[in-house]
Every structure is written in structure tokens, then in C-alpha cells.
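Next come the chains, spelled out residue by residue.
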Amino acid sequence: MGQGLWRVARSQQLQQQGYSGQGYLTREHGRRIAANSAANTSHRKQAQGGIDIYHLLKARKSKEQEGFINLEMLPPELSFTILSYLNATDLCLASCVWQDLANDELLWQGLCKSTWGHCSIYNKNPPLGFSFRKLYMQLDEGSLTFNANPDEGVSYFMSKGILDDSPKEIAKFIFCTRTLNWKKLRIYLDERRDVLDDLVTLHNFRNQFLPNALREFFRHIHAPEERGEYLETLITKFSHRFCACNPDLMRELGLSPDAVYVLCYSLILLSIDLTSPHVKNKMSKREFIRNTRRAAQNISEDFVGHLYDNIYLIGHVAA
């Protein structure tokens, strides 16, 4: 009887303290969740270098200031670093809010030079009223004009003082620009062989394996879709440039520009043979070595075998 009354009294006491069976489990579960949350927060802070930036910035702002961070309140170095990740369109939109920051000349200069690596105007004293934001718009418009009509595009650049009327300057501009349509560029270079000559000399093939150098060459100067005089001209110019960049290797292997020319044609034909789905009987390594050494007898069998392996593993040289 006494033990029964004690149990009833103890049960009532636990209920008053919130430690009933279900309540106890609930509170215990809550403590575990809180402990896990604290552990996760601590781990997250450690992953972030010990600082929770979001909560740190949020704690410094009042409720009226909650929202996107005002870049004008940050140190200038940090603000410019954030804006430097934007493209031209987003930077123009940012200038509607932070005009002084987003219109900074260094930001627009970086955009210009990251897209158009070389312009004659970069090396001149800027004219009165010059701004890199305006220059970016002119470069963008000129590139679009070039992709529609290459001659008009080059004339536009010259009329704005962006490019000098010099084959070497035009070649540097083409070499450092990736926004030009390669089909239009191919037509332009076929007509302007003087620009093509200067463009070839800008390539440095020193200590490069022949197939890799040929791939790099055709990434800047795209090969025509059909065999013809223009393709022969490109391979001839490449062969002479490759030999000029590697004189010691040419003497060691006993190669001449004519021999490199033959090898380049062999590599192009092998690339087509190995990658084309229409060719069922692929050329074997033995066949390639035999055919190539017939055309260029001074070439070692091992060197020609390495050429075959490169095409077989990496792929087309003029894709």
C-alpha cells in the first residue's frame, strides 16, 4: 500500500516537471537535435575557416538594412573583386545601382583585354574622351560586323582607331581574339595572304610533337573542308614554321620542310581514315609506316610509329 502511494506521488511529480514517458522522450529528442545542430554548425564554421560570413554580416545589419549587401559599404578592393566576375551585360546592370564602381575603367579594361587580347589602341596614348567601356562596345560591334563581312569589320576597327592598317597588327588581333567566326576568318585569310604570313609567324612550335603542333595550328587557322590550293598553302607555311622553331630536332631526325609537308598530309589522311565512320577497313600501323616511309625515306620507323599512335589515341589533327 505504501509503495503504491509512493509510485502515484512520484508519477504526479514527474508529470508536473514535464518528465512523463512521452514528454521525457520528446525533451531528450530535442536535446539530441540541438546537440547535432550545434555540432553541424561547428563543423560548418571550421570548413569556412572558423567564420560564418553570412551570420557575421547579418548580425551587423539592422532589420531595415536586410537584403543584398551594398557594395559601396565594403572596402573598394573587395567591391572591385566582386564586380570583376561579371560579364559586360551584368556589369551594365550593376552600374544602374553602383555607378561609380561598375563604371570603373579597370573593370572594363579587363573585359576588353580578356576578350580581345591585342588592339593597336592599347599601345597608344588614349584620345580625349576615351573610355574602355566605350571601347568594349566598339569592339563588340566590330566583331559582329566582321562575322557578317570580314572586310567591313576590319575597316570598322580601323575607322575607330582600334587597329592600324598593318598586316602584322591585323594578324595579332586575329591571333588574340576568340569571338571571330572561323568560316568568315578562313575566307578573309585566303584573300589576305599577307595577313596569313604574319599570323603563321606568331605560332611557336618549339619542342612540340608534330601532330600536337598541327592541331594547335588548325585551332587558330581552320583548315578548309576540301583539299585544294589553300590547304596546300597552309601546310607549306606550317612546315616551314615548324622547322624554323625546331632546328636541332630537324637536324637530329634529318627532316626538311618538304619531309614535314609529306608527314602533315599523311597525318591528315590518317586522321580521316581512323575517325570517319564511312571507312570500314581502317589503316593499320604497319600500313601507315610503310606508306609514309615510301614518301619520305629518311624518316625512322619508330618516329612514324609514334605519329600513328598519337592519331589513334588523341584523334584528328584538323577537327
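Just so we're clear, the structure is a prediction, and the values are computed from it rather than from any experiment. (Residues numbered from 1 in each chain as written. Predicted model: local features only at pLDDT ≥ 70, side-chain atom pairs only at ≥ 80, totals over all residues. Heavy atoms only, no water.)

A. The arrangement of the overall build of the chain in detail. For the chain, the count of helices and strands is 18 helices and 0 strands. Within the chain, buried positions represent 33% of all 319 residues. Long-range pairs, those at least 24 residues apart, make up 58% of the contacts in the chain with a sequence separation of at least 6. (Helix = DSSP H or I, 4+ residues; strand = E, 2+ residues; numbered from the N terminus. Buried < 20%, exposed > 50% of the residue type's maximum accessible area, 1.4 Å probe, protein only. Contact = heavy atoms within 4.5 Å.)

B. The arrangement of the environment of Phe132 in detail. Within the element layout of this structure, Phe132 appears in helix H8 (residues 132–148). With a relative accessible area of 13%, Phe132 lands in the buried category. Along the sequence, Phe132 and Leu107 sit 25 residues apart, while their C-alpha atoms lie 8.6 Å from each other. Not counting chain neighbours up to four residues away, the residues in contact with Phe132 comprise Glu105, Trp108, Gln109, Cys112 and Tyr122.

C. Highlighting unusual backbone geometry. One non-glycine residue with positive phi stands out, namely Asn207, at about 60°. Mapping Asn207 onto the fold places it in the loop between helix H12 (193–201) and helix H13 (210–220). Note on Asn207: relative accessible area 69%, which makes it exposed.

D. Spotlight on helix H5 (residues 88–95). For H5, the full list of buried residues reads Ala88, Leu91, Ala94 and Ser95. The arc enclosing the buried residues of H5, seen along the axis, measures out at 120°, which places them on a common side. Turned more than 90 degrees off the buried face of H5, the exposed positions are Thr89 and Leu93. (Arc of directions from axis to C-beta.)

E. Spatial organisation of the side chain of Asn246. With respect to the secondary-structure elements, Asn246 resides in the loop between helix H14 (229–245) and helix H15 (247–253). A polar contact of 3.0 Å, which involves the side chain of Asn246, links it to the backbone oxygen of Phe205. If near-sequence neighbours (up to four positions away) are discounted, Asn246 is found in contact with Phe205, Arg206, Asn207 and Gln208. (Polar contact = N/O pair within 3.5 Å; in protein donor to acceptor, adjacent residues only side chain to side chain.)

F. Structural detail: the nonpolar core. Ranked by internal contacts, the top residues of the largest apolar core, which has 76 residues, are Tyr122, Leu139, Ile174, Leu189, Leu210, Ile221 and Phe238. With 9 residues, the top contributor of residues to this core is helix H16 (residues 257–275). When residues of this core are assigned to domains, at least three fall in each of domain 1 (113–199) and domain 2 (203–314). (Core = buried A, V, L, I, M, F, W, Y, C linked by side-chain atoms within 4.5 Å. Domains from an automatic or database assignment.)

G. Geometry of the pattern of salt bridges. Applying the stated criterion to the full structure yields 8 salt bridges. Among the charged side chains, a salt-bridge network with shared partners connects Asp190, Arg193 and Glu229. (Salt bridge = Lys/Arg side-chain N within 4 Å of Asp/Glu carboxyl O.)

H. Structural view of the packing of aromatic side chains. With the rule as written, the count across this model stands at 15 aromatic pairs. Between the aromatic rings of Phe130 and Phe132, the centroid separation amounts to 5.0 Å while the plane-to-plane angle is 80°, which identifies the pairing as edge-to-face. Consider the rings of Phe157 and Phe173, whose centres lie 4.9 Å apart with planes at 55°: the pair is tilted. Here Phe157, found in helix H9 (residues 150–159), pairs with Phe173, found in helix H10 (residues 167–175); they are 16 residues apart in sequence, far enough to count as distant. No difference in accessibility class separates Phe157 from Phe173, as the two residues are buried. Taken together, the ring pairs connect Phe205, Phe217, Phe218, Phe238 and Phe242 into an aromatic cluster. (Phe/Tyr/Trp six-rings, centres within 6.5 Å; stacked < 30°, edge-to-face > 60°.)

I. Layout of a nonpolar patch on the surface. On the surface, a cluster of nonpolar side chains totalling about 390 Å² of accessible area is made up of Tyr312, Leu313 and Ile314. Relative to the helices and strands, Tyr312 is located in helix H18 (residues 301–314). (Patch = residues over 30% accessible without salt bridge, like charges linked within 9 Å, V, L, I, M, F, W, Y side chains within 5 Å. Areas by Shrake-Rupley, 256 points an atom, 1.4 Å probe, with all protein chains shown as cover.)

J. Fine view of the confidence of the model for the chain. With 78% of its residues at a pLDDT of 70 or more, the chain has an overall mean of 80. Here residues 1–10 is modelled with pLDDT under 50, and outside its nearest four sequence neighbours on either side it reaches 0 contacts, counting other chains as well. Predicted confidence for residues 12–35 stays below pLDDT 50, and this span has 9 contacts to residues more than four positions away or in other chains. (pLDDT = per-residue confidence, 0-100.)

K. Molecular detail of the packing of H16 against H18. As a packed pair, H16 and H18 sit with axes 10 Å apart at the nearest point and diverge in direction by 40°. Here H16 is positioned oblique relative to H18, judged by the angle of their axes. For the pair H16 and H18, the crossing hand works out as right-handed. On H18, the residues that touch Leu263, Leu267, Leu270, Ser271 and Leu274 of H16 are Phe303, Leu307, Tyr308, Ile311 and Tyr312. Its residues assigned to classes, the contact of H16 with H18 shows 9 nonpolar, 1 polar and no charged. (Axes fitted to C-alpha atoms, helices over the stretch in contact; angles between N-to-C directions. Parallel < 35°, antiparallel > 145°, perpendicular 65-115°, else oblique. Left-handed = near helix turned anticlockwise from the far one by under 90°. Nonpolar A, V, L, I, M, F, W, Y, C, P; charged D, E, K, R; others polar.)

L. Here's a closer look at the packing of H12 against H14. Contact geometry for H12 and H14: axes closest at 10 Å, N-to-C directions at 35°. The interaxial crossing formed by H12 with H14 has right-handed handedness. Here Arg193, Leu196, Asp197, Val200 and Thr201 of H12 lie close against H14, whose contacting residues are Glu229, Tyr230, Thr233, Leu234, Lys237 and Arg241.

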